[in-house]
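As a plain string of letters, each chain reads:
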Amino acid sequence: MRNFLAIVGTNSEKSTNRELLKYMKKHFAKQTNIELAEISELPMFNKPEDMSLPIEVQHLADKIEASDGVIISTPEYDHAAPAALINALNWLSYGIYPFVDKPVMVTGASYGTLGSSRAQAHLRQILDAPELKARVMPSSEYLLSHSLQAFDNQENLVNIDDITRLEGLFQDFLVFVEISKQMNGAHAQNKKEAINFSWESAER
């Protein structure tokens, strides 16, 4: 059985993105183990000169490394991923590179009609950065709109179409993870390139 880490992409105490990941953990329990990870306790990224990492960051990086894949659920603030999520990714690409070639599924929930579509596009762009090099599942947006009305009192999705779409995309992610495990030929080089990358030298 695969082990996935599900990152709640916000520092908000109450979020329908957390509810979505909790639902996935419960709904797919017979197929995978899904562990939720919070980012609210991570300090503000300050690029320490000695490359020292807060213990919370190292702990999260270790969980990503050990997982078979990562699920990130992001809200949308001003057409972009939240600052707290970007902050986490800044830490997770500073002297550590747990996302290199890691299969990632992007999801998102929002109160409006667009379901965090712009934030998901923004997040994909970040995850493709030279220091991250995540392997994000293509053509797989899961957009949960009107998310305040999407769950019942038992924290289950109520709309059959939402459930069916999520089940289909999750099955695709399981296949994507299996395919990704076979695509290891360039992993060592990809990791080396992430480690050696420098924006200062790239801009010369």
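Preceding this paragraph is the structure being described.
Numbers given to residues run from 1 along each chain, matching the order in which its sequence is written. Residues qualify for local features only when their pLDDT is at least 70, as the model is predicted, and side-chain atom pairs are given and counted only at 80 or more; totals for whole chains, interfaces and linings, by contrast, use all residues. The side-chain values count all of the structure's non-hydrogen atoms but skip hydrogen atoms and water molecules.

A. Local environment of the side chain of K102. Working definition: helices are DSSP H or I runs of at least four residues, strands are E runs of at least two. Numbering for both runs from the N terminus. Of note, K102 is situated in the loop between α3 (83-91) and β4 (103-109). Despite being buried, K102 has no salt bridge partner; E65 is the closest side chain of opposite charge, sitting 5.2 Å away. Engagement of the side chain of K102 in a polar contact is seen with the backbone oxygen of S67, the distance being 2.7 Å. Contact between two residues is taken to exist if any of their heavy atoms lie within 4.5 Å; hydrogens are not considered. When near neighbours in sequence (up to four residues on either side) are disregarded, K102 contacts I64, E65, S67, D68, G69, V70, A134 and R135. Relative accessibility decides the category of a residue: with a 1.4 Å probe and only protein chains considered, values under 20% of the type maximum give buried, values over 50% give exposed, and everything between is partly exposed. His is not counted here, nor are the chain ends, while Lys and Arg score as positive and Asp and Glu score as negative. Here, a salt bridge means any Lys or Arg side-chain nitrogen found within 4 Å of an Asp or Glu carboxyl oxygen. Any N or O atom pair separated by 3.5 Å or less is treated as a polar contact, with the protein-specific requirement of one donor-capable and one acceptor-capable atom, and with residues adjacent in sequence counted only for side-chain atom pairs.

B. A look at a nonpolar patch on the surface. On the surface, V175, I179 and M183 cluster together into a nonpolar patch covering about 270 Å² of accessible area. Tracing the chain through its elements places V175 in helix α5 (residues 160-181). Patch definition: residues with relative accessible area over 30% and no salt bridge; like charges joined within 9 Å; nonpolar side chains (Val, Leu, Ile, Met, Phe, Trp, Tyr) joined within 5 Å. Residue exposure ignores everything except the shown protein chains as possible cover, and the areas themselves are Shrake-Rupley values with a 1.4 Å probe.

C. Representation of the packing of aromatic side chains within the structure. In summary, the pairing rule links any two rings of Phe, Tyr or Trp, Trp by its six-membered ring, whose centres are within 6.5 Å, and it sorts them by plane angle into stacked for under 30 degrees, edge-to-face for over 60 and tilted for everything else. The final tally for this structure, using the stated rule, is 6 aromatic pairs. Judged by centre distance (6.1 Å) and plane angle (80°), the ring pair of F4 and F170 falls under edge-to-face. Residue F4 is located in strand β1 (residues 2-8), and its partner F170 is located in helix α5; the two are separated by 166 residues in the primary sequence. Comparing F4 with F170 shows no difference in burial state: the two are buried. Aromatic ring contacts, followed pair by pair, group F4, F28, F170, F173 and F176 into a single cluster.

D. Structural detail: the packing of helix α1 (residues 16-27) against α5. To obtain each axis, a line is fitted to C-alpha atoms, and for helices this fit is confined to the stretch in contact; angles are then taken between N-to-C directions over 0 to 180 degrees. Packing of α1 against α5 leaves a shortest axis separation of 12 Å and a crossing angle of 70°. The angle between α1 and α5 falls in the class roughly perpendicular. The hand of the α1/α5 crossing is right-handed. Contacts from L20, Y23, M24 and H27 of α1 reach α5 at I163, L166, E167 and F170. Any residue outside Ala, Val, Leu, Ile, Met, Phe, Trp, Tyr, Cys, Pro, Asp, Glu, Lys and Arg is labelled polar, Gly included; the first ten of those are nonpolar and the last four are charged. Classifying every residue of the contact of α1 with α5 gives 6 nonpolar, 1 polar and 1 charged. The scheme is simple: roughly parallel for angles under 35 degrees, roughly antiparallel for over 145, roughly perpendicular for 65 to 115, oblique for anything else. Crossing handedness is read from the near helix: turned anticlockwise from the far helix by less than a right angle, it gives a left-handed crossing, and turned clockwise, a right-handed one.

E. The arrangement of the packing of α3 against helix α4 (residues 117-127) in detail. As a packed pair, α3 and α4 sit with axes 11 Å apart at the nearest point and diverge in direction by 10°. It follows that α3 is roughly parallel to α4 by the angle criterion. Listed contacts from α4 to L85, I86 and L89 of α3 are H122, L123, I126 and L127. Class assignment for the residues of the contact of α3 with α4 results in 6 nonpolar, 1 polar and no charged.

F. A look at the side chain of R18. For R18, the position within the fold is in helix α1. At a separation of 3.0 Å, a polar atom in the side chain of R18 contacts the main-chain carbonyl oxygen of E13. Non-local contacts of R18, meaning those with residues more than four positions away in its chain, are made with V8, T10, S12, E13, L36 and E38.

G. Summary view of the pairing of strand β3 (residues 69-73). With 5 of 5 residues buried, β3 lies mostly within the body of the structure. Covered by surrounding structure in β3 are G69, I71 and S73 together with V70 and I72, the residues of both alternating faces. As defined by bridge partners, β1 adjoins β3 across 5 bridges and the pair is classed as parallel. Directly across from A6, in β3, lies its bridge partner I71. Regarding topology, α3 serves as the crossover connection from β3 to the parallel β4, and that connection is right-handed. The criterion for strand pairing is that DSSP finds at least two bridges linking the strands in question. Here, the term right-handed applies to a crossover whose path from the first strand over the helix to the second runs clockwise when the strands point away from the viewer.

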